[in-house]
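# Chain and residue survey
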Amino acid sequence: QVQLVESGGGLVQAGDSLRLSCAVSGRTFSMYQMGWFRLAPGKERELVASITWNAGITDYADSVKGRFTISRPNAENTVYLQMNSLKPEDTAVYYCAARQYTDSHYGYWGQGTQVTVSS
């Protein structure tokens, strides 16, 4: 089992920055990849960024490339999503998720944290 707890959401203005955190506990030795997803009303869930647990290989959705950075500094059991130059269209509930080596999909999810960007 893996437990994920997100924090760091809030209400900001367009152009501001926020940093989301995802604390990971449990079976981290079998972790393959972490992802940050978002879900906005009326839209499909979107994978905005991912990072492989050991190698730190990152990937980003085109919608956030150059503005968001996913990281796991110093091999901590915390994954961050630094969000800069926020736009109103970034407003969503953000979830972190974990995928283990034995899984073909993200099998563990946090509770979500709301990010609201006002214009």
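A few points on the structure. Please read all numbers here as calculations on a predicted model, not as lab measurements.

Moving on, we come to the overall build of the protein chain. Across its full length, the protein chain holds 0 helices and 11 strands. In the protein chain, the order of α-helices and β-strands from amino to carboxyl end is β-β-β-β-β-β-β-β-β-β-β. Here the C-alpha atoms of the protein chain give a radius of gyration of 14 Å, agreeing with the 14 Å that 2.2 N^0.38 yields for 119 residues. Seen along its three principal axes, the alpha-carbon backbone of the protein chain occupies a region of about 40 × 30 × 25 Å. The long-range fraction of contacts in the protein chain, counting pairs at least 24 apart against all pairs at least 6 apart in sequence, stands at 53%. If you sum the accessible surface of the protein chain, you get close to 6100 Å²; carbon and sulfur atoms cover 48% of it. One way to put it: in the protein chain the 10 positive side-chain charges average out to a point 3 Å from where the 10 negative ones average out.

Turning our attention to the pairing of strand β4 (residues 31–39). Most of β4 sits inside the fold, with 7 of its 9 residues counted as buried. In this structure, β4 lies alongside strand β9 (residues 92–100), joined through 8 bridges in antiparallel fashion. The residue of β9 that forms the bridge with Met-31 is Gln-100. Pairing geometry for β4 and strand β5 (residues 46–52), over 6 bridges, is antiparallel. Bridge pairing links Gln-33 to Thr-52 in β5. Linking β4 to β5, which pair antiparallel, is a turn of 6 residues; within it Gly-42 sits at a positive phi near 80°.

Below, the discussion takes up the side chain of Ser-21. The residue Ser-21 is located in strand β3 (residues 18–26) in this model. Discounting residues that sit within four places of it in the chain, Ser-21 has contacts with Val-5, Glu-6, Ser-7, Trp-36, Thr-78, Val-79 and Tyr-80.

The next point concerns the packing of aromatic side chains. Counted by the stated rule, this structure contains 3 aromatic pairs. Counting every residue linked through ring pairs, the aromatic cluster contains Phe-37, Tyr-106 and Trp-109. Directly above the ring of Trp-53 sits Arg-72, whose terminal nitrogen or CZ lies 3.6 Å from the centroid.

The subject of this paragraph is the nonpolar core. Counting 31 residues, the largest nonpolar core has Leu-4, Met-34, Trp-36, Leu-81, Met-83 and Tyr-94 as its most contacted members. Elements supplying a minimum of two residues to this core: β1 (2–7), β3, β4, β5, β7 (68–71), β8 (78–83), β9 and β11 (113–118). Discounting residues that sit within four places of it in the chain, Leu-81 has contacts with Leu-18, Arg-19, Leu-20, Trp-36, Val-48, Ala-49, Phe-68, Thr-69, Ile-70 and Tyr-94.

Criteria and cut-off values
- Residues numbered from 1 in each chain as written.
- Predicted model: local features only at pLDDT ≥ 70, side-chain atom pairs only at ≥ 80, totals over all residues.
- Heavy atoms only, no water.
- Helix = DSSP H or I, 4+ residues; strand = E, 2+ residues; numbered from the N terminus.
- Rg over C-alpha atoms; globule rule 2.2 N^0.38 Å.
- Contact = heavy atoms within 4.5 Å.
- Areas by Shrake-Rupley, 256 points an atom, 1.4 Å probe, with all protein chains shown as cover.
- Lys, Arg positive; Asp, Glu negative; His and termini not counted.
- Charge placed at Lys NZ, Arg CZ, Asp CG, Glu CD.
- Buried < 20%, exposed > 50% of the residue type's maximum accessible area, 1.4 Å probe, protein only.
- Pairing = 2+ DSSP bridges.
- Phe/Tyr/Trp six-rings, centres within 6.5 Å; stacked < 30°, edge-to-face > 60°.
- Lys NZ or Arg CZ within 6 Å of the ring centre and 35° of its normal.
- Core = buried A, V, L, I, M, F, W, Y, C linked by side-chain atoms within 4.5 Å.

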